[in-house]
Amino acid sequence: MSSISGSDWPQFRGEAGPLLKRLARGLFGLLAMEAVLEQVEQLPALLAGSRSALVRDWDSLTLVRALEWARYFQHVHDRFRTRPRLREVLGRRLRRAQPSPPLGFSHLGRCPQLLGLALLENRALPPTACRCLLHSLLQLPGGEAGPEPHSLALLARRKAASRLLALPSGPPRPPADTEAQLQAEAQLLLGRLREERQETEPAEESAGPPRWLSAVLEQLPMLRAFEVVAAALLGQGNGPDQAGDGDLAGNSLEGNWASAIGDKCVAGPLLSWLLGNQERFSAFCLFLPGSLLASLAGHYSQLSRPYLDLLTGCGSHLLYDPLQGRWVINWPNKAALSWEQLRERFTCLCQGPAVLKGQTQAAVKLLKAQDGDFQVRGLSVWTDLLMEIEECLRKDAEC
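Parameters at a glance
- Residues numbered from 1 in each chain as written.
- Predicted model: local features only at pLDDT ≥ 70, side-chain atom pairs only at ≥ 80, totals over all residues.
- Heavy atoms only, no water.
- Phe/Tyr/Trp six-rings, centres within 6.5 Å; stacked < 30°, edge-to-face > 60°.
- Helix = DSSP H or I, 4+ residues; strand = E, 2+ residues; numbered from the N terminus.
- Buried < 20%, exposed > 50% of the residue type's maximum accessible area, 1.4 Å probe, protein only.
- Pairing = 2+ DSSP bridges.
- pLDDT = per-residue confidence, 0-100.
- Contact = heavy atoms within 4.5 Å.
- Axes fitted to C-alpha atoms, helices over the stretch in contact; angles between N-to-C directions.
- Parallel < 35°, antiparallel > 145°, perpendicular 65-115°, else oblique.
- Left-handed = near helix turned anticlockwise from the far one by under 90°.
- Nonpolar A, V, L, I, M, F, W, Y, C, P; charged D, E, K, R; others polar.
- Salt bridge = Lys/Arg side-chain N within 4 Å of Asp/Glu carboxyl O.
- Polar contact = N/O pair within 3.5 Å; in protein donor to acceptor, adjacent residues only side chain to side chain.
- Core = buried A, V, L, I, M, F, W, Y, C linked by side-chain atoms within 4.5 Å.
- Lys, Arg positive; Asp, Glu negative; His and termini not counted.
- Disulfide = S-S within 2.5 Å.

## Here's the deal with the packing of aromatic side chains
Then, number 1: Evaluated as defined, the whole model comprises eight aromatic pairs.
Then, number 2: Measuring from ring centre to ring centre gives 6.5 Å for Phe226 and Phe287, while their planes differ by 45°; the resulting arrangement is tilted. One end of the pair, Phe226, is in helix α12 (residues 222–234); the other, Phe287, is in helix α14 (residues 278–287), with 61 residues separating them in the sequence.
Then, number 3: Among the residues examined, Phe287 registers a relative accessible area of 44% and is labelled partly exposed.
Then, number 4: Note on Tyr320 and Trp327: the rings are 5.2 Å apart at their centroids and 70° apart in plane angle, and the pair reads as edge-to-face.

## A closer look at the pairing of strand β1 (residues 318–321)
Regular strands place their side chains on alternate faces of the sheet.
Then, number 1: Taken together, the four bridges between β1 and strand β2 (residues 326–329) define a ladder with antiparallel strand orientation. Paired with Leu318 across the bridge in β2 is Ile329.

## What to know about the confidence of the model for the protein
Then, number 1: Counting all residues, the mean pLDDT for the protein is 76, and 70% of those residues have values of 70 or more.
Then, number 2: In this model residues 142–150 is a low-confidence stretch, pLDDT under 50, and it forms six contacts with partners more than four residues away in sequence or in other chains.

## Side note on the packing of helix α17 (residues 339–350) against helix α19 (residues 381–398)
A packed helix pair is summarised by two numbers, namely the angle formed by the two axes and the spacing between the axes.
Then, number 1: The N-to-C vectors of α17 and α19 enclose an angle of 50°; their axes lie 10 Å apart at closest approach. With respect to α19, the axis of α17 lies oblique. The two elements α17 and α19 meet at a crossing, and its hand is right-handed. Along the contact surface, α17 presents Trp339, Leu342, Arg343, Phe346, Thr347 and Cys350, while α19 presents Val381, Trp382, Asp384, Leu385, Glu388, Ile389, Cys392 and Leu393.
Then, number 2: Of the residues assigned to the contact of α17 with α19, the class counts are ten nonpolar, one polar and three charged.

## What to know about unusual backbone geometry
Then, number 1: Within the chain, Asp373 stands out as a residue other than glycine whose phi angle is a positive 55°.
Then, number 2: As for its position among the elements, Asp373 is in the loop between α18 (354–370) and α19.

## A short note on the packing of helix α4 (residues 60–80) against helix α7 (residues 111–120)
Then, number 1: In the contact formed by α4 and α7, the axes pass within 7 Å of each other and the chain directions differ by 145°. Touching Leu63, Ala66, Leu67, Ala70, Arg71, Phe73 and Gln74 of α4 are Cys111, Pro112, Gln113, Leu115 and Leu119, all from α7.
Then, number 2: The residue inventory of the contact of α4 with α7, partitioned by class, reads nine nonpolar, two polar and one charged.

## Let's talk about the pattern of salt bridges
Then, number 1: A complete count under the given rule lists twelve salt bridges for this structure.
Then, number 2: Note that Glu88 and Arg92 form a salt bridge whose closest N and O atoms lie 3.6 Å from each other. With a gap of four residues between them, Glu88 and Arg92 both fall in helix α5 (residues 84–96), about one helical turn apart.
Then, number 3: By relative accessible area, which is 39% here, Glu88 ends up partly exposed.
Then, number 4: On the basis of relative accessibility, which here comes to 45%, the residue Arg92 falls in the partly exposed class.
Then, number 5: Taking the shortest distance from any N to any O, the salt bridge between Glu391 and Lys395 comes out at 3.5 Å. Remark: Lys395 and Glu391 occur in helix α19; sequence separation between them is four residues, near one turn of the helix.
Then, number 6: By relative accessible area, Glu391 is classed as partly exposed at 28%.
Then, number 7: One salt-bridge network, held together by shared partners, links Glu88, Arg92 and Arg95.

## Notes on α14
Residues separated by three or four positions in an α-helix point in the same direction, a consequence of the helix having 3.6 residues per turn.
Then, number 1: Of all the ten residues making up α14, seven are buried; the element is thus mostly covered by neighbouring parts of the structure.
Then, number 2: Along α14, the residues classified as buried are Arg280, Phe281, Ser282, Ala283, Phe284, Cys285 and Leu286.
Then, number 3: The N-cap of α14, judged by a side-chain oxygen 3.1 Å from the amide nitrogen of Glu279 a few residues on, is Asn277.

## With respect to helix α3 (residues 43–50)
Then, number 1: Burial analysis of α3 places eight of its eight residues in the buried class, which makes it a mostly covered element.
Then, number 2: Of all the residues in α3, the buried ones are Leu43, Pro44, Ala45, Leu46, Leu47, Ala48, Gly49 and Ser50.

## A look at the nonpolar core
As a rule of thumb, nonpolar side chains are buried together in soluble globular proteins.
Then, number 1: Formed by 60 residues in total, the largest nonpolar core has its most connected members in Leu189, Leu233, Phe284 and Phe346.
Then, number 2: Among the elements that line this core, the one with the most residues is α12, at nine residues.
Then, number 3: Other than its neighbours up to four places away in sequence, Phe284 contacts Phe226, Ala230, Leu274, Leu293 and Leu296.
Then, number 4: Ranked by size, the runner-up nonpolar core spans 34 residues in total, among them Val55, Trp58, Leu90 and Leu120.

## Considering the environment of Cys130
Then, number 1: By secondary structure assignment, the location of Cys130 is in helix α8 (residues 127–138).
Then, number 2: Cys130 gets classed as buried once you look at its relative accessible area, which sits at 4%.

## A word on the side chain of Arg280
Then, number 1: With respect to the helices and strands, the residue Arg280 is situated in helix α14.
Then, number 2: We note that Arg280 is buried and unpaired, the nearest opposite charge coming from Glu218 at a distance of 4.5 Å.
Then, number 3: Sequence-distant contacts of Arg280, defined by excluding residues within four places in its chain, comprise Ser214, Phe226, Trp273 and Leu274.

## A short note on the state of the cysteines
Then, number 1: What the rule picks out here adds up to zero disulfides.
Then, number 2: In this structure Cys132 is a free cysteine whose sulfur lies 9.8 Å from that of Cys130, the closest cysteine sulfur available.
Then, number 3: Here Cys314 stays free of any disulfide, with the sulfur of Cys285 as its closest cysteine sulfur at 8.9 Å.
Then, number 4: For Cys314, a relative accessible area of 5% corresponds to the buried category.

What follows is the structure in structure tokens.
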């Protein structure tokens, strides 16, 4: 689409209120309908301009008027959506400007959200206008039940909430603030999953995660996405899939949210997202701390076995170096765990709930037996690992 200049905007600087009232009362004749068509033809310019540097000159009043015009276009959609011939005429007027991406009649009904999302992503919007926009988008529409309750309207509000959490910009936040933001992001994710659950009919439920979940998480840096998912899963508390007696509930993340306890239907999509891609799950297990992963394995039996399998694979690629007197990684081209990391992660698992502890010890003993059941250090990584685990548990018992 051609660039938008300031001259394309005068028709949007007036008030849309009178037009809204006339439209609501059905007072539009043929001449008025032609005026509507001329205004609708300017919608691509409005949306394109909202994504341009022109917004750097906007104040709160300009923003309010732009949002008022967006609501006007929404009312045009609502007024004529049951009249096929007029819908086709309005659609042709929108396509006349050849916007990119293409616009159709249905976009009129989503204009406030489309405009809001474009402005939220435009860093040129001045702080005063941005605060006004956030206030507008975060307000729930009073008494309005749109045809798409979980689409752009909710997306715009969530994006506004996310932008609000990131303000004001400044020096790096202290750890306490970072943890608070992480928990806030996890709560937003949990809330979205609960809404999805409530809006989905039982017959429409699927085993996999909703399509939007990957798109949302992939917008975050990978480590941050993993941290948010882990915090959300631990926010479920002692759900029915917990593989233990709940000893880790108080240590998983400080400030677990009691309101989220036992929400199995929310944890399911997150677990499916993690386990549905082996590379993703491997990165999740390699990047996050062992204590956090042990908490997750203690809460969710679906994670404990794949996590043990991954640790087993990492251990099988350790080689004993007699010159250094230690186990070293013999897998240079793959992501792996060092001996120290492997020992720490197995120890964390054995310090977890009784079921998880027993499962982990049984797995290591089986690996030791399959490797020759040696009793001397330096011959089998599993012999050395089991000795280290038993020594650590003995020290813990003495304390």
